[in-house]
Amino acid sequence: MKITPQQTEKLLKENYTFSLWSFSMLLTRLKSLYTKDPSDTAVQNITKELNVFIEKFGKVMGADYSIISKL
């Protein structure tokens, strides 16, 4: 599953609760970056980083994966 920039913005603007601690920490860091620079380029870079994480850890994300897929 690859997320889109639109899904990324939803993740960055809304408050979702995720069970995978490392994903929550990643989102916290990315939200901080987004707050400083909400440009389209920044969203594209954040989307790429999220997709790399999801590709690598998608199998252990469980319920978090289903939340993301419904965005």
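Please refer to the structure placed before this passage.
The rules we used
- Residues numbered from 1 in each chain as written.
- Predicted model: local features only at pLDDT ≥ 70, side-chain atom pairs only at ≥ 80, totals over all residues.
- Heavy atoms only, no water.
- Helix = DSSP H or I, 4+ residues; strand = E, 2+ residues; numbered from the N terminus.
- Rg over C-alpha atoms; globule rule 2.2 N^0.38 Å.
- Buried < 20%, exposed > 50% of the residue type's maximum accessible area, 1.4 Å probe, protein only.
- Contact = heavy atoms within 4.5 Å.
- Areas by Shrake-Rupley, 256 points an atom, 1.4 Å probe, with all protein chains shown as cover.
- Lys, Arg positive; Asp, Glu negative; His and termini not counted.
- Charge placed at Lys NZ, Arg CZ, Asp CG, Glu CD.
- Axes fitted to C-alpha atoms, helices over the stretch in contact; angles between N-to-C directions.
- Parallel < 35°, antiparallel > 145°, perpendicular 65-115°, else oblique.
- Nonpolar A, V, L, I, M, F, W, Y, C, P; charged D, E, K, R; others polar.

Participant: Can you tell me about the overall build of the protein chain, naming the residues and giving the values?
Facilitator: Scanning the protein chain from terminus to terminus reveals 4 helices and 0 strands. Sequence-ordered secondary structure for the protein chain, helices as α and strands as β, is α-α-α-α. Scaling as 2.2 N^0.38, a compact globule of 71 residues should have a C-alpha radius of gyration of about 11 Å, and the protein chain matches this with 11 Å. Projected onto its principal axes, the C-alpha positions of the protein chain cover 30 × 20 × 20 Å. The buried share of the protein chain, reckoned over its 71 residues, is 35%. Across the protein chain, contacts joining residues at least 24 apart in sequence account for 64% of those joining residues at least 6 apart. For the protein chain, the exposed area adds up to about 4,600 Å²; of that, 56% sits on carbon and sulfur atoms. Each charge sign in the protein chain was given a centre, from 10 positive and 7 negative side chains, and these centres are 5 Å apart.

Participant: Residue-level account of the packing of helix α2 (residues 21-36) against helix α3 (residues 40-57), with values.
Facilitator: Contact geometry for α2 and α3: axes closest at 11 Å, N-to-C directions at 175 degrees. Here α3 runs roughly antiparallel to α2, going by the angle between their axes. Across from S22, F23, L26, L27, R29, L30 and Y34 in α2, the residues of α3 making contact are V43, I46, E49, L50, F53 and I54.

Participant: I'd like a description of the packing of helix α1 (residues 5-13) against α2, backed by residues and values.
Facilitator: Here α1 crosses α2 at 95 degrees, and the two axes come no closer than 9 Å. Classed by the angle they form, the pair α1 and α2 counts as roughly perpendicular. Contacts between α1 and α2 involve E9, L11, L12 and K13 from the former and F23, L27, L30, K31 and Y34 from the latter. When the residues that make up the contact of α1 with α2 are grouped by side-chain class, the tally is 6 nonpolar, no polar and 3 charged.

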